[in-house]
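# Understanding the architecture of this molecule
Spelled out, the chains give:
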Amino acid sequence: MPPEPVAVPATPYEFDLDPATTALVIIDMQRDFLAPGGFGESLGNDVGMLTKVVEPLGKVLDAARALGMMVIHTREGHRPDMADCPPSKLARGKPKTPIGSEGPNGRILIRGEAGHDIIEELAPADGEAVLDKPGKGAFYATDLELMLRNAQIKSLVVTGVTTEVCVHTTIREANDRGFECLVPSDCVGSYFQEFHEVGLKMIAAQGGIFGWVTSSKDLLAALEPSIPLSSAATEGA
Ligand code: TIU
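Residues numbered from 1 in each chain as written. Predicted model: local features only at pLDDT ≥ 70, side-chain atom pairs only at ≥ 80, totals over all residues. Heavy atoms only, no water.

## Concerning the packing of helix H6 (residues 163–176) against helix H7 (residues 193–208)
When two helices pack together, their arrangement is given by the angle between the helix axes and by the axis-to-axis distance. How we decide: In this analysis, axes come from line fits to C-alpha atoms, helices being fitted only over the stretch in contact, and the angle between any two N-to-C directions falls in the range 0 to 180 degrees. Runs of H or I in DSSP of at least four residues are treated as helices and runs of E of at least two as strands, each being numbered from the N terminus. For classification, angles of less than 35 degrees are called roughly parallel, those exceeding 145 degrees roughly antiparallel, those between 65 and 115 degrees roughly perpendicular, and all remaining angles oblique. For any pair of crossing helices, the crossing counts as left-handed if the nearer helix is rotated counterclockwise from the farther one by less than a right angle, and right-handed if it is rotated clockwise. We call two residues in contact when some of their heavy atoms are within 4.5 Å. Side-chain classes are defined by residue name, with Ala, Val, Leu, Ile, Met, Phe, Trp, Tyr, Cys and Pro counting as nonpolar, Asp, Glu, Lys and Arg as charged, and the others, Gly among them, as polar.
As a packed pair, H6 and H7 sit with axes 10 Å apart at the nearest point and diverge in direction by 15°. By the criterion of interaxial angle, the relationship of H6 to H7 is roughly parallel. Where H6 crosses over H7, the two elements pack in a sense that is right-handed. Between H6 and H7, the residues in contact are Thr-163, Glu-164, His-168, Ile-171 and Arg-172 and Phe-195, His-196, Gly-199, Leu-200, Met-202 and Ile-203, respectively. Considered class by class, the residues forming the contact of H6 with H7 number five nonpolar, four polar and two charged.

Structure follows, in structure tokens:
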């Protein structure tokens with residue numbers, strides 16, 4: 001039996017979540033954004049600001065897997081020859097270590113390098129889609145929409161980093177394509193606390209102009225009764 005739809009307490013109002021038609025989208029939880037010497041740090045950011053996202057997001061990922069939900073991981077980055085990197089992106093911010101230069105985790109924001117990969121704690125499982133994207137939005141120049149439509153997905157739980165950049169851009173893209181987006185506030189993170197907070201407010205304002213905001217606690221409390229007892233996520237819990 002597929003899990004029943006559940007009601008998740010959220011702002012601006014309850015979100016109806018059907019695990020069969022909802023995908024968990026995890027945006028850019030890569031070393032390039034979370035580890036020293038990567039793209040995030042090259043832009044002048046304190047990468048430690050994002051660490052707190054890992055634990056709650058791991059729990060939501062476990063629940064999504066236990067419920068058999070579609071899980072999609074994204075990675076921002078470029079081909080080794082950087083043919084897909086706009087010159088404007090390369091030049092922006094005049095970084096000392098631009099995209100493509102050598103760092104402690106290999107070439108910055110380049111596919112195939114250790115820094116480009118997803119952190120071990122949230123490593124994709126077999127069968128989960130890993131989507132490489134050259135831009136901030138996960139729909140731009142990718143096959144995400146095609147995959148979601150083929151799987152009859154209608155709603156997205158959007159998580160990852162950073163709240164006001166790739167997460168926001170993806171939610172706006174998804175919203176215009178008719179997908180309903182729910183954002184657990186502690187499963188997204190920013191280098192700027194102020195932008196994180198106001199970014200979340202922007203999503204849910206005006207009756208949910210782009211989507212809904214909840215917490216991992218409320219989301220998990222709604223989902224967990226549907227998780228089969230035999231599931232790995234509940235073993236040893
Ligand atoms: N700089 C910043 O906040 N974010 C990005 O460049 N990419 C993502 O958000 N993934």
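## Comments concerning the packing of aromatic side chains
Our working rule: A pair of Phe, Tyr and Trp rings is counted when the ring centres sit within 6.5 Å of each other, with Trp represented by its six-membered ring. The angle between the planes then sorts it: under 30 degrees is stacked, over 60 is edge-to-face, the rest tilted. Burial classes follow relative accessibility: with a 1.4 Å probe on protein chains only, a residue under 20% of its type's maximum area counts as buried, one over 50% as exposed, and anything between as partly exposed.
Taken as a whole and judged by the stated rule, the model has five aromatic pairs. Note on Tyr-13 and Trp-212: the rings are 5.5 Å apart at their centroids and 80° apart in plane angle, and the pair reads as edge-to-face. Linking Tyr-13 in the loop between strand S1 (6–8) and strand S2 (15–17) with Trp-212 in strand S11 (residues 212–214), this pair joins segments that are 199 residues apart in sequence. For Tyr-13, a relative accessible area of 47% puts it in the partly exposed group. For the pair Phe-15 and Trp-212, a centre-to-centre distance of 4.9 Å together with 75° between the ring planes defines the contact as edge-to-face. One end of the pair, Phe-15, is in strand S2; the other, Trp-212, is in strand S11, with 197 residues separating them in the sequence.

## Looking at the layout of surface pockets
Which entries qualify depends on this criterion: Put simply, the grid is 1 Å and covers the protein atoms alone, a cavity is a trapped set of points that fit a 1.4 Å probe, a pocket is an open set with protein on both sides within 12 Å along at least five of seven lines, and lining residues have an atom within 4 Å of a point. Grid points are joined across faces, edges and corners, and a volume is the space filled by probe spheres set on the points.
Its boundaries defined by the atoms lining it, the largest pocket holds a volume of some 350 Å³. Among the elements that make up the lining of the largest pocket, the one with the highest residue count is H6 (three residues). A per-class count over the lining of the largest pocket returns eight nonpolar, three polar and five charged.

## A look at the nonpolar core
Formally: Take the buried Ala, Val, Leu, Ile, Met, Phe, Trp, Tyr and Cys residues and link them wherever side-chain atoms come within 4.5 Å; each set so joined is a nonpolar core.
In terms of nonpolar packing, the biggest core is built from 44 residues, with Val-8, Leu-17, Leu-24, Met-29, Leu-122, Leu-182 and Leu-219 touching the most fellow members. Elements with a contribution of two residues or more to this core: S1, S2, strand S3 (22–27), helix H1 (31–34), helix H3 (54–66), strand S8 (155–161) and helix H8 (216–223). Looking at which element gives the most residues to this core, the answer is H3, with seven residues. Setting aside chain neighbours within four positions, we find Leu-182 in contact with Val-8, Ala-10, Phe-15, Leu-17, Leu-156, Val-157, Val-158, Trp-212, Val-213, Thr-214 and Leu-219. One finds Leu-144, Val-167, Phe-179 and Val-183 within the second-largest nonpolar core, a separate group that totals 26 residues.

## A look at the pairing of strand S9 (residues 180–184)
Look at any regular strand and the pattern is simple: side chains alternate between the two faces of the sheet. What counts here: Strands qualify as paired when DSSP identifies two bridges or more between them. Seen with the strands pointing away from the viewer, any crossover whose path from the first strand over the helix to the second strand runs clockwise is right-handed.
Burial runs high along S9: four of the five residues are buried. In this sheet, S9 lies alongside S8 in parallel orientation, the contact comprising three bridges. Following the sheet pairing, Leu-156 is matched in S9 by Cys-181. Crossover connection from S8 via H6 to parallel S9: handedness right-handed.

## A closer look at the pairing of S8
The element S8 is largely enclosed, with a buried count of seven among its seven residues. Here S8 shows no split at all, with Ser-155, Val-157, Thr-159 and Val-161 on one side and Leu-156, Val-158 and Gly-160 on the other all buried. Where S3 lies against S8, six bridges are found, and the strand directions are parallel. Paired with Ile-27 across the strands is Gly-160, a residue of S8. When S8 meets strand S10 (residues 188–189), the two strands line up parallel, connected through two bridges. Along S10, the bridge assignment pairs Gly-160 with Val-188.

Geometric descriptors of this kind do not, in isolation, establish any biological role.
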